[in-house]
Amino acid sequence: ADVFSEGYKQNLREGDILLRVNGKPIDKVDEAVRYGSLTQVQSVDLLRNSKGGAPLALHYDIENKSSIYHTFTQLVVPGATFVFLAVLSLLLYRRRSGERSAELLILFFLLVGITYFAGYASSRSDLIGRIAMGCVLPLIPLVFIHFLQVYLKRFGVLVLSTTVIKIYYGLVILLSLFSTSSLMVYSWDRSLYSFIRLIIIGFFVFGIFYSIFKLLY
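Cut-offs applied
- Residues numbered from 1 in each chain as written.
- Predicted model: local features only at pLDDT ≥ 70, side-chain atom pairs only at ≥ 80, totals over all residues.
- Heavy atoms only, no water.
- pLDDT = per-residue confidence, 0-100.
- Helix = DSSP H or I, 4+ residues; strand = E, 2+ residues; numbered from the N terminus.
- Contact = heavy atoms within 4.5 Å.
- Phe/Tyr/Trp six-rings, centres within 6.5 Å; stacked < 30°, edge-to-face > 60°.
- Buried < 20%, exposed > 50% of the residue type's maximum accessible area, 1.4 Å probe, protein only.
- Polar contact = N/O pair within 3.5 Å; in protein donor to acceptor, adjacent residues only side chain to side chain.
- Expected span 1.5 Å × (residues − 1).
- Pairing = 2+ DSSP bridges.
- Salt bridge = Lys/Arg side-chain N within 4 Å of Asp/Glu carboxyl O.

Enquirer: Go over the confidence of the model for the chain with me, naming the residues and quoting the values.
Expert: Per-residue confidence for the chain gives a mean pLDDT of 82, with 86% of residues at or over 70. Of all secondary-structure elements in the chain, the lowest mean pLDDT belongs to helix α1 (residues 6–9), at 51, while helix α6 (residues 139–153) reaches the highest, 93. Ignoring residues within four places in sequence, the model shows residues 1–5, a span with pLDDT below 50, making 6 contacts including any to other chains.

See below:
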């Protein structure tokens, strides 16, 4: 096991069989069943093979102390980024109110801020944070492409046709619904959630690269 991992520091070892987390049977711990991960753990009960091969029942209380670096990178920086983008959006709205391209750029800034801020909650397996990430992340490049389409249209540059953009929005909405359902419906298999997450990332990456391509060429 990685001696630098958080699990190793909290006395967990490779080969341990988790029985209970925070007093609950492991198969009843929602995030372990759905996501295959654990966060906000206060205690664990486990079985570990001794040197002689006999299983040992062990109990550990887990320390949950956030370091200054962890707090700064996952709370302070996302929070400050969200506030900065919100203020920037407000200034842009006051200066360019009524312009379609400005409104789309404001929406783009706000989506980036929300996604960045929701990333912390998502990393802790928070349901609302994961839903926000699944719904907002694929929208970011799409809204930016839409902004480019509206803004560059005045210069006679076609980024994407309106029909294609509408279809793209429809696909993103469907993807968001499936993503939310995979998080909310407990009976759905975890592999389905993982597959949908890969599609979300694929939409995001495609949109980013397409935006870069249109800006360069």
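Enquirer: So, the environment of serine 101: which residues are in play, and what are the values?
Expert: Structurally, serine 101 is set in helix α4 (residues 100–123). Excluding its chain neighbours within four sequence positions, the residues that come into contact with serine 101 are Phe147, Val150, Tyr151 and Arg154.

Enquirer: Give me the lowdown on the packing of aromatic side chains, citing residues and values where you can.
Expert: What the rule picks out here adds up to 9 aromatic pairs. Ring centres of phenylalanine 108 and phenylalanine 144 lie 5.1 Å apart, and the angle between their planes is 45°; on these two criteria the pair is classed as tilted. Here phenylalanine 144 lies in helix α6 and phenylalanine 108 lies in helix α4, a separation of 36 residues in the sequence. As far as burial versus exposure is concerned, phenylalanine 108 and phenylalanine 144 are alike and both buried. Taking 5.7 Å as the distance between ring centres and 65° as the angle between the ring planes, the aromatic pair formed by tyrosine 151 and phenylalanine 155 counts as edge-to-face. Of the residues examined, tyrosine 151 reaches a relative accessible area of 34% and is grouped as partly exposed. A relative accessible area of 54% places phenylalanine 155 in the exposed class. These aromatic residues form a ring-pair network of at least three members: Phe108, Phe109, Phe144, Phe147, Tyr151 and Phe155.

Enquirer: Account for the side chain of arginine 48, naming residues and giving values.
Expert: In this structure, arginine 48 sits in strand β3 (residues 43–49). At 2.9 Å, the side chain of arginine 48 forms a polar contact with the side chain of aspartate 16. A polar contact is formed between the side chain of arginine 48 and the side chain of tyrosine 60, at a distance of 3.3 Å.

Enquirer: Describe α6, with residues and values.
Expert: Between its first and last C-alpha atoms α6 spans 21 Å; for 15 residues at 1.5 Å apiece the expected length is 21 Å, and the two agree. Counting buried positions over the 15 residues of α6 gives 11, a clear majority of the element. The complete set of buried residues in α6 reads Ile140, Pro141, Leu142, Val143, Phe144, Ile145, His146, Phe147, Leu148, Gln149 and Leu152.

Enquirer: Pulling in residues and values, what's your account of the sheet that holds β3?
Expert: Taking strand neighbours across the sheet as the criterion, the 4 strands line up as β2-β1-β3-β4 in an open arrangement whose pairing is antiparallel. Whereas interior strands pair on both sides, the edge strands pair on one side only; in this sheet they are β2 (24–25) and β4 (55–61). Alignment of strand β1 (residues 17–21) against β2, held across 2 bridges, turns out to be antiparallel. Its bridge partner lying in β2, valine 21 is registered against lysine 24.

Enquirer: Outline the pattern of salt bridges, listing residues and values.
Expert: Here the structure, examined in full by the defined rule, presents 2 salt bridges. Where arginine 48 meets aspartate 16, a salt bridge forms, and the shortest distance between an N and an O atom there is 2.9 Å. With a gap of 32 residues between them, arginine 48 in strand β3 and aspartate 16 in the loop between α1 and β1 connect regions that are remote in the sequence. A relative accessible area of 18% places arginine 48 in the buried class. We note a salt bridge from arginine 96 to glutamate 99, for which the minimum N-O separation is 3.4 Å. For arginine 96, a relative accessible area of 45% corresponds to the partly exposed category.

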